Amino acid sequence: MNQGCDASILLDDTANITGEKTAGPNNNSVRGYEVIDTIKSQLESLCAGVVSCADIVAVAARDSVVALGGTSWTVLLGRRDSTTASLSAANSNIPAPTLSLSGLISAFANKGFTAKEMVALSGSHTIGQARCTSFRTRIYNETTIDSSFASSLRANCPSTGGDNNLSPLDTTSPTSFDNAYFKNLQSQKGLLHSDQQLFSGGSTDSQVNAYSSNPGSFSTDFANAMVKMGNLSPLTGTSGQIRTNCRKVN
């Protein structure tokens, strides 16, 4: 969602590059960098300088979904890696958990996605966890939330402190890639404000209902949207490079 599918997020800070890992949406939130390092190391030992970090990220995303019981899709390959990163772009381009429905629609539209595709991609929140700081206001101050659900979350997310305490985005089946996320929204059990905005009397309610009742349509739309996301402004040909170490430019 930032510069495109170019592995810019993997770059560590250096004297010449301020990376994206410390951007508000990423800091203490994005995890698994060491998994990419391990994959890259093994690939370099087998076929040095061939597989980009950007392609690794794209394939790993697909394989992770499949491993957790979700759908599969064909990942186009041949991306190259960026030699730059943008902290400011990461802070402004990555949708915040506080966004309204109109804000979400706009953020995704800026990258060429329809509202329907935005809802489908939001379904990725059927797995993963969020930090207390990103949903504290929702569980203490909002009314569009199931009261018992909010109460259960407060135990691990105090009104002050515990910013990095984690709760699953999908409390029903946190390690299964399914359509439970949408069922949760129907019950006002979306963890993030931005999650519940998809089902709060607005234009996307009908899409949430559709995915809740038809997991097959969610799987199809999610897969197609992931292919589209993987095609966001890729570097090809002589642009960029194939990094040897995903954390730094060659």
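Everything numeric in this text was worked out from a predicted model, so none of it was measured. Per chain, the residues get numbers from 1 upward, laid out in the order the sequence is written. For a predicted model such as this one, the threshold for reporting local features is a pLDDT of at least 70, and the threshold for listing and counting side-chain atom pairs is 80 or more; totals across whole chains, interfaces and linings nevertheless cover every residue. As a convention, hydrogens and water are excluded, and side-chain values are obtained from all of the structure's heavy atoms.

Caption draft 1: Expanded view of the overall build of the protein. Put simply, DSSP H or I for four residues or longer makes a helix, DSSP E for two residues or longer makes a strand, and each gets a number counted from the N terminus. Across its full length, the protein holds 11 helices and 2 strands. At 18 Å, the protein has a C-alpha radius of gyration in line with the 18 Å of a compact globule built from 250 residues. Once the C-alpha set of the protein is aligned to its principal axes, its extents read approximately 55 × 40 × 30 Å. When each of the 250 residues of the protein is scored for burial, the buried share is 41%. The criterion used for residue contact is that any of the two residues' heavy atoms lie within 4.5 Å. For the protein, the proportion of contacts with a sequence separation of at least 24, taken over those separated by at least 6, is 71%. A total accessible area of about 11500 Å² is found for the protein, and carbon and sulfur atoms account for 52% of it. The centroid of the 18 positive side-chain charges in the protein is displaced by 1 Å from the centroid of its 19 negative side-chain charges. For a compact globule the rule gives 2.2 Å times the number of residues to the power 0.38, and the radius of gyration it is set against comes from C-alpha atoms. Think of it in three bands: with a 1.4 Å probe and only protein chains considered, a residue is buried below 20% of the maximum accessible area for its type, exposed above 50%, and partly exposed in between. Reported accessibility uses the Shrake-Rupley method at a 1.4 Å probe radius. Residues are deemed covered only where the shown protein chains occlude them. By the counting scheme adopted, Arg and Lys are positive, Glu and Asp are negative, and His together with the chain ends is not counted. The atoms used to mark charge sites are NZ of Lys, CZ of Arg, CG of Asp and CD of Glu.

Caption draft 2: A look at the nonpolar core. Membership of the largest hydrophobic core comes to 27 residues, with the highest contact counts inside it found for Phe-182, Leu-198 and Phe-222. Mapped onto this core, the elements with two or more residues apiece are helix 2 (53–67), helix 4 (101–109), helix 5 (115–122), helix 8 (180–186), helix 10 (205–213) and helix 11 (215–230). Ignoring sequence-local partners within four residues, the contact set of Leu-198 consists of Leu-101, Leu-104, Met-118, Val-119, Ser-122, Tyr-181, Leu-185, Thr-204, Asp-205 and Val-208. Cys-132, Phe-135, Leu-169 and Leu-192 belong to the second largest nonpolar core, which has 12 residues in total. Only buried residues count toward a nonpolar core. Its members are Ala, Val, Leu, Ile, Met, Phe, Trp, Tyr and Cys residues joined through side-chain atoms within 4.5 Å.

Caption draft 3: The state of the cysteines, seen in detail. Count a disulfide wherever a pair of cysteine sulfur atoms falls within 2.5 Å. In total, this model carries 2 disulfides according to the counting rule given. There is a disulfide in this structure between Cys-53 and Cys-246, and the S-S distance comes to 2.1 Å. Across the S-S bond of Cys-53 and Cys-246 the torsion is about -100°, and the bridge reads as left-handed. Taken as a pair, Cys-53 in helix 2 and Cys-246 in the segment after helix 11 lie far apart in primary sequence, 193 residues in all. Both residues of the pair, Cys-53 and Cys-246, belong to the buried class. Cys-132 shares a disulfide with Cys-157; S-S distance 2.0 Å.

Caption draft 4: Broad picture of unusual backbone geometry. Positive phi, normally seen in glycine, also occurs at Asn-28, with a value near 60°. Relative to the assigned elements, Asn-28 resides in the segment before helix 1 (33–46). A positive phi is found at Gln-188, a non-glycine position, where the angle reads about 60°. Among the structural elements, Gln-188 can be located in the loop between helix 8 and helix 9 (193–196).

Caption draft 5: Spatial organisation of the packing of helix 4 against helix 5. In contact at an axis separation of 9 Å, helix 4 and helix 5 are set at 100° when each is read in the N-to-C sense. Classified by the angle between their axes, helix 4 and helix 5 sit roughly perpendicular to one another. Note on element contacts: helix 5 touches helix 4 through Ala-115, Met-118 and Leu-121, opposite Leu-101, Leu-104, Ile-105 and Phe-108. Taken together, the residues that form the contact of helix 4 with helix 5 break down as 7 nonpolar, no polar and no charged. Angles run from 0 to 180 degrees between N-to-C directions of axes, and those axes are lines fitted to C-alpha atoms, restricted for helices to the stretch in contact. Working definition: roughly parallel below 35 degrees, roughly antiparallel above 145 degrees, roughly perpendicular at 65 to 115 degrees, and oblique for all remaining angles. We call Asp, Glu, Lys and Arg charged. Ala, Val, Leu, Ile, Met, Phe, Trp, Tyr, Cys and Pro are nonpolar, and the rest, Gly among them, are polar.

Caption draft 6: Seen up close, helix 11. The terminal C-alpha atoms of helix 11, which comprises 16 residues, lie 22 Å apart, in line with the 22 Å expected from a rise of 1.5 Å per residue. Within the sequence span of helix 11, burial applies to Phe-218, Asp-221, Phe-222, Ala-223, Ala-225, Met-226 and Gly-230. Its buried side turned inward, helix 11 meets helix 2, helix 5, helix 8 and helix 10. Multiplying 1.5 Å by the helix residue count minus one yields the expected span of that helix.

Caption draft 7: Here's a closer look at the packing of aromatic side chains. Any Phe, Tyr or Trp ring, taking Trp's six-membered ring, that has another such ring centre within 6.5 Å forms a pair; planes under 30 degrees apart are called stacked, those over 60 apart edge-to-face, and the others tilted. Under the criterion given, the structure shown has 9 aromatic pairs. Ring centres of Phe-177 and Phe-218 lie 6.0 Å apart, and the angle between their planes is 10°; this geometry places the pair in the stacked category. Placement of the pair is Phe-177 in the loop between strand 2 (166–168) and helix 8 and Phe-218 in helix 11, with a sequence separation of 41 residues. In this structure, Phe-177 and Phe-218 share a single accessibility class: buried. Between Tyr-181 and Phe-182, the aromatic rings sit 5.1 Å apart at their centres with planes inclined by 80°, giving edge-to-face as the arrangement. Here Phe-182 falls in the buried class, since its relative accessible area comes to 0%.

Caption draft 8: Spatial organisation of helix 7 (residues 147–154). Every buried residue belonging to helix 7 is among Phe-149, Ala-150 and Leu-153, and all of these are buried. Looking down the long axis of helix 7, one finds its buried residues gathered within 100° of arc, a one-sided arrangement. Structurally, helix 7 contributes buried residues whose contacts are with helix 6 (132–141) and strand 2. Working definition: the arc comes from the directions between the helix axis and the C-beta atoms, pointing outward to the latter.

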